[in-house]
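Residue-level structure breakdown
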Amino acid sequence: MSTPQRVLVLNGPNLGRLGKREPEVYGSVTHADLADHLVGTGAGLGLSVEVRQTDHEGQMIEWLHEAADSDVPVVLNPAAWTHYSIAVADAVAQVPIVIEVHISNVHAREEFRRHSVVSPYALGVIAGLGLGGYDLALAHLAAIRD
C-alpha cells in the first residue's frame, strides 16, 4: 500500500470564524468541523490532509513556502488576500499545485471580490459551491496524484 499523499488545506483571514460570520453566506459549520471533515474525506481518498487557518499574512506566506519546499499540493482559500495580496500571490506562484477555493460565489458579490491576484498561479478555481468546494479540490488532487 502506498503512502498517502500529503496535502495542506490553508485558509486565510476570518475563516476561523466559520459558523459565526455571516452564516447566510458561509453556513453554520465551524472551521474545526470543516477541518475534521476534510481530514476524514482526505483519508478516504488516500490523502493525508492537514488543515490550517490564519489571520496573519506572514504566517500564510510561510506555510506556502513550506509547501513549495516540500512539493506538497495546497488547497487554498486565501479569503480577502485573494483580491490584493501580491505577497500571497508570489508565494502561491512557488507551489507546484494549488487549487483556489472560495465558499461563496465571489463573482456574484461585490465588485472588488471579482478579481483574484492568486488565480493566475492556481491549477484551478472552485467558487460558490459552499464547503463542498474543498471536497471537490481534494478529489481532484487524489485523481491527479502519481
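Residues numbered from 1 in each chain as written. Predicted model: local features only at pLDDT ≥ 70, side-chain atom pairs only at ≥ 80, totals over all residues. Heavy atoms only, no water.

1. Notes on the pairing of strand E1 (residues 5-11)
As a reminder of what qualifies: The buried label goes to any residue with under 20% of its type's maximum accessible area, the exposed label to any with over 50%, and the partly exposed label to all in between, with areas taken from a 1.4 Å probe on protein chains only. The helix and strand labels rest on DSSP assignments: H or I over at least four residues marks a helix, E over at least two residues marks a strand, and numbering proceeds from the N terminus. Two strands pair under a simple rule: DSSP has to find at least two bridges between them.
The element E1 is extensively covered by neighbouring structure, given that five of its seven residues are classed as buried. Here E1 pairs with strand E2 (residues 47-53) via seven bridges, running parallel. Note on E2: the bridge partner recorded for Leu-8 is Glu-50. Alignment of E1 against strand E3 (residues 74-77), held across four bridges, turns out to be parallel. Each bridged residue has a counterpart across the sheet, and for Leu-10 the counterpart in E3 is Leu-76.

2. Quick word on the UniProt feature "binding site: substrate" (unreviewed entry) in the protein chain
The condition is simple: UniProt positions are given in the numbering used here, feature names are shortened, and annotations may be inferred rather than shown by experiment. Contact between two residues is taken to exist if any of their heavy atoms lie within 4.5 Å; hydrogens are not considered.
According to UniProt, the feature "binding site: substrate" (unreviewed entry) maps to Asn-77, His-83, Asp-90, Ile-103, Ser-104 and Arg-113 in the numbering used here. In this fold, Ser-104 is placed in the loop between strand E4 (98-102) and strand E5 (124-127). When neighbours within four sequence positions are excluded, Ser-104 is seen to be in contact with Val-25, Arg-109, Ala-127 and Gly-128.

3. A word on the nonpolar core
Counted only if it meets this: Only buried Ala, Val, Leu, Ile, Met, Phe, Trp, Tyr and Cys residues count toward a nonpolar core, and they belong to the same one when joined by side-chain atoms within 4.5 Å.
Ranked by internal contacts, the top residues of the largest apolar core, which has 23 residues, are Val-9, Leu-38, Val-49, Val-75, Tyr-134 and Leu-138. Within the residue set of this core, elements represented by two or more residues are E1, helix H2 (31-44), E2, E4 and helix H5 (132-144). Examining the composition of this core, we find that five residues originate from one element, H5, more than from any other. Contact partners of Val-49, with chain neighbours within four places excluded, come to Val-7, Val-9, Leu-38, Val-39, Gly-42 and Leu-138. Ranked by size, the runner-up nonpolar core spans 20 residues in total, among them Met-60, Ala-67, Ala-68 and Val-118.

4. What about the pattern of salt bridges?
Heads up, the rule is: One speaks of a salt bridge when a side-chain nitrogen belonging to Lys or Arg is within 4 Å of a carboxyl oxygen belonging to Asp or Glu.
Enumeration according to the criterion identifies four salt bridges in this entry. One salt bridge in this structure joins Glu-50 and Arg-6, with 3.7 Å as the shortest N-O distance. Taken together, the positions of Glu-50 in strand E2 and Arg-6 in strand E1 put the pair 44 residues apart, joining distant regions of the chain. Looking at Glu-50, the relative accessible area reads 32%, which means it is partly exposed. Under the relative-accessibility criterion, Arg-6 is labelled partly exposed at 30%. Notably, a salt bridge pairs Arg-52 with Glu-50, separated by 2.8 Å at the nearest N-O pair. For Arg-52, a relative accessible area of 12% gives the class buried. A single network of salt bridges, built from pairs that share partners, joins Arg-6, Glu-50, Arg-52 and Glu-66.

5. Comments concerning the UniProt feature "site: Transition state stabilizer" (unreviewed entry) in the protein chain
UniProt records the feature "site: Transition state stabilizer" (unreviewed entry) for Arg-21 in the present numbering. Tracing the sequence through the fold places Arg-21 in the loop between E1 and helix H1 (23-26). Here Arg-21 is in contact with Asn-14 and Tyr-26, once residues within four sequence places are set aside.

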